[in-house]
Amino acid sequence: MPLQPERVKFRKMHRGSRAGMATRGHTVSFGEYGLQALERCWLDTKQIEAARVAIARSLKRSGKMWIRIFPQKSFTKKPLETRMGKGKGPLESWVAVIKPAAVLFEVDGVAEVEARESMRLAATKLPIRTRFISRHRLA
């Protein structure tokens, strides 16, 4: 079951604004190490899940992981070779709006070398540039 809200007031949403930096969720709050976004994008449920699996496999059940983002925005897509008009397309997927400086994942209870490697593996699954950060100092 992919990440998605249990219920929403309206199924089809506006595109919204992706401008600006993340003003909330831009510091390591739960764990010791984190993965911070350097670009803006919409992260799909499949991309978040792929990164989560990469971190979990790398940590091998040691340590704890937090996912700091959640896909609560729906986006629609019209079928291929469809003419303009005739309303908004059907729901395609759920996405998380990512702004620069947002912390995506956090880990704790592992050595920095292991945390850095797990975040590197997760970063390869994501379509944006990221960086490894620590709670006490910037990496």
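Computed from a prediction, not measured in an experiment: that's the story for all the values here.

## Remarks on the sheet that holds strand β4 (residues 73-76)
An order of β2-β5-β4 is seen for the three strands of this open sheet, with the pairing classed as antiparallel. One side of each edge strand has no neighbouring strand; the edge strands of this open sheet are β2 (41-44) and β4. Each strand of the sheet is rotated relative to its neighbour by a mean of 50 degrees, with strand direction disregarded. Judged from the four bridges that link them, β4 and strand β5 (residues 91-98) form a sheet pairing that is antiparallel. Each bridged residue has a counterpart across the sheet, and for Phe-75 the counterpart in β5 is Ser-93. The strands touched by helix α1 (residues 45-59) within the sheet are β2 and β5, with β2 carrying the most contacts at an inclination of about 70 degrees.

## Considering the nonpolar core
Of all hydrophobic cores here, the largest spans 23 residues; its most connected members are Ile-98, Leu-104, Phe-105, Val-107 and Leu-126. At the level of secondary structure, the elements contributing two or more residues to this core comprise β1 (33-37), β2, α1, β5, β6 (103-108) and α2 (112-124). Those residues in contact with Leu-126, other than ones at most four positions away along the chain, are Leu-35, Leu-43, Gln-47, Ala-51, Leu-104 and Phe-105.

## Things to note about the layout of surface pockets
Taken as a whole, the largest pocket spans an internal volume of roughly 270 Å³. As for the largest pocket, its lining consists of 17 residues, and the residues nearest its centre are Arg-24, Ile-69, Gln-72, Val-97 and Ile-98. If you tally residues by element for the lining of the largest pocket, the top one is β5, at four residues. Within the lining of the largest pocket, the residues separate by chemical class into 10 nonpolar, three polar and four charged.

## Regarding the packing of aromatic side chains
Counted by the stated rule, this structure contains three aromatic pairs. Measuring from centroid to centroid gives 6.0 Å for Phe-30 and Trp-66, while their planes differ by 20 degrees, and the two rings are stacked. Linking Phe-30 in the segment before β1 with Trp-66 in strand β3 (residues 64-67), this pair joins segments that are 36 residues apart in sequence. A relative accessible area of 47% means that Phe-30 is categorised as partly exposed. Taken together, a centroid distance of 5.9 Å and an interplanar angle of 45 degrees make the contact between Trp-42 and Phe-75 tilted. With Trp-42 in strand β2 and Phe-75 in strand β4, this pair connects stretches of sequence that are 33 residues apart. The exposure class of Trp-42 is buried, given its relative accessible area of 18%. Residue classification places Phe-75 among the partly exposed residues on the basis of a relative accessible area of 24%.

Rules used in this analysis
- Residues numbered from 1 in each chain as written.
- Predicted model: local features only at pLDDT ≥ 70, side-chain atom pairs only at ≥ 80, totals over all residues.
- Heavy atoms only, no water.
- Pairing = 2+ DSSP bridges.
- Helix = DSSP H or I, 4+ residues; strand = E, 2+ residues; numbered from the N terminus.
- Axes fitted to C-alpha atoms, helices over the stretch in contact; angles between N-to-C directions.
- Contact = heavy atoms within 4.5 Å.
- Core = buried A, V, L, I, M, F, W, Y, C linked by side-chain atoms within 4.5 Å.
- Buried < 20%, exposed > 50% of the residue type's maximum accessible area, 1.4 Å probe, protein only.
- 1 Å grid on protein atoms, 1.4 Å probe; cavity = no way out; pocket = protein on both sides within 12 Å on 5 of 7 lines; lining within 4 Å.
- Points joined across faces, edges and corners; volume = space filled by probe spheres on them.
- Nonpolar A, V, L, I, M, F, W, Y, C, P; charged D, E, K, R; others polar.
- Phe/Tyr/Trp six-rings, centres within 6.5 Å; stacked < 30°, edge-to-face > 60°.

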